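# Chains, contacts and geometry: an overview
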Amino acid sequence: MIAFRIVLALTIIGGLGACDAGEDQDTFENEAFSDPVGFTQTAENGAIQSKDDDDWRISPVYSGRIVIDPAFPNPVPPGASVAIPVRIRLSNSVQGGLEVTSYDSNRIPRRLDSIPNASETGSYVFRFMPSVLGLEGLIRVFIVDTRGRLVSYGDIHING
């Protein structure tokens, strides 16, 4: 757990600059680490009510290999859990697993959930309680592979 936090912190602080996926990947990563502005509003069943075009895009490294649907429900009612559906389209397109992370109220990166077998094709769901972050309002969550490469990001609004 400590090793994960150190790796994630260094990755996030470094803006994932070690990634050699090219200029498109660098641009994507810079956008991911900007401040959240809006969010895709979803119902409790996942139906999209309004869309933020910046949310849940797939990084150029993983384009065409992974599909990530918006988090739901969003905004998040007090005490509710959040689900983020993930579909792996190509076998072995993810080496290792996937993790969803965010910063807590102390600005410490925190793993919220993981999908350890994401190298196999199929449908998966991240599930987590955002209340563990100790935050309210608009926050950004990141989906990374186990090597620390950014896969996607999106914003959720936590109601207090």
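Located above this text is the structure these notes cover.
Below: a short report on this structure. Position numbers for residues start from 1 in each chain and track the written sequence from start to end. Per-residue local features are limited, in this predicted model, to residues with pLDDT of at least 70; the limit for side-chain atom pairs, both in listing and counting, is 80 or more; totals at the level of whole chains, interfaces and linings are taken over all residues. Hydrogens are left out, water is left out, and the side-chain values use all remaining heavy atoms of the structure.

## As for the side chain of Ser-119
Note the threshold: A run of DSSP states H or I qualifies as a helix once it reaches four residues; a run of E qualifies as a strand once it reaches two. Both are numbered from the N-terminal end. Contacts are residue-level and defined by heavy atoms, with any inter-residue pair within 4.5 Å sufficient.
Note on placement: Ser-119 falls in the loop between strand E6 (109–115) and strand E7 (122–128). Contacts of Ser-119, omitting those with residues within four sequence positions, involve Leu-90, Ser-91, Asn-92, Ser-93, Val-94 and Gly-96.

## What about the pairing of strand E8 (residues 137–145)?
Every other side chain in a regular strand lies on the same face of the sheet, so the side chains alternate between the two faces. Defined as follows: Burial status follows relative accessibility: with a 1.4 Å probe on protein chains alone, a residue under 20% of its type maximum counts as buried, one over 50% as exposed, and anything between as partly exposed. Only when DSSP finds a minimum of two bridges between them are two strands counted as paired.
Counting buried residues in E8 gives 8 out of 9 residues, a clear majority hidden from the surface. Strand direction decides the pairing type here: strand E5 (residues 98–103) and E8, joined by 4 bridges, are antiparallel. Bridge pairing in E8 places Leu-98 opposite Asp-145. Taken together, the 8 bridges between E8 and strand E9 (residues 150–158) define a ladder with antiparallel strand orientation. Of the residues in E9, the one forming a bridge with Val-144 is Leu-150.

## Thoughts on the environment of Ala-80
Looking at where Ala-80 falls in the secondary structure, it is placed in the loop between strand E3 (66–68) and strand E4 (82–88). With 36 residues separating them in the primary sequence, Ala-80 and Glu-44 have C-alpha atoms 9.9 Å apart. Non-local contacts of Ala-80, meaning those with residues more than four positions away in its chain, are made with Met-129 and Pro-130.

## Here's the deal with the sheet that holds E7
Picture the strands of a sheet paired through backbone hydrogen bonds; they go either parallel or antiparallel. Stated formally: Interaxial angles span 0 to 180 degrees and are taken between N-to-C directions of axes, which are lines fitted to C-alpha atoms, for helices over the stretch in contact.
Within the open sheet, the 3 strands sit side by side as E3-E4-E7. Their pairing is antiparallel. With partners counted over all chains shown, the strands left at the sheet margins are E3 and E7, one partner each. Recorded for the sheet is a direction-independent mean angle of 20 degrees between the axes of neighbouring strands. Relative to E7, E4 runs antiparallel, the two sharing 7 bridges.

## Observations regarding unusual backbone geometry
With an omega dihedral of -10 degrees, the bond running from Phe-72 to Pro-73 counts as a cis peptide bond. A cis geometry characterises the amide bond from Asn-74 onward to Pro-75, with omega recorded as 15 degrees. The backbone of Trp-56 sits at a positive phi, close to 65 degrees, despite the residue not being glycine. The topology assignment puts Trp-56 in the loop between strand E2 (48–50) and E3. On the basis of relative accessibility, which here comes to 6%, the residue Trp-56 falls in the buried class. In this structure, Asn-92 takes a positive phi of about 60 degrees despite not being glycine.

## A word on the pattern of salt bridges
It is possible for side chains of opposite charge to pair when their charged atoms get near one another. The condition is simple: Take a side-chain nitrogen of Lys or Arg and a carboxyl oxygen of Asp or Glu: if they are within 4 Å of each other, that pair is a salt bridge.
The final tally for this structure, using the stated rule, is 7 salt bridges. Salt bridges sharing partners connect three or more residues here, namely Glu-31, Asp-54, Arg-57, Arg-140 and Asp-155.

## Observations regarding the environment of Asp-145
Inclusion rule: Counting of polar contacts relies on pairs of N or O atoms within 3.5 Å, with two restrictions inside protein: one atom must be capable of donating a hydrogen and the other of accepting it, and residues adjacent in sequence are counted only when both atoms are side-chain atoms.
Looking at the secondary structure, you find Asp-145 in strand E8. Along the backbone, Asp-145 and Ser-114 are 31 residues apart, and their C-alpha atoms lie at a distance of 9.4 Å. Not counting residues within four places of it along the chain, the set of residues in contact with Asp-145 comprises Tyr-62, Gly-97, Leu-98 and Val-151. In terms of polar contacts, Asp-145 uses its side chain to reach the side chain of Tyr-62, at 2.5 Å. Engagement of the side chain of Asp-145 in a polar contact is seen with the backbone nitrogen of Arg-149, the distance being 2.8 Å.

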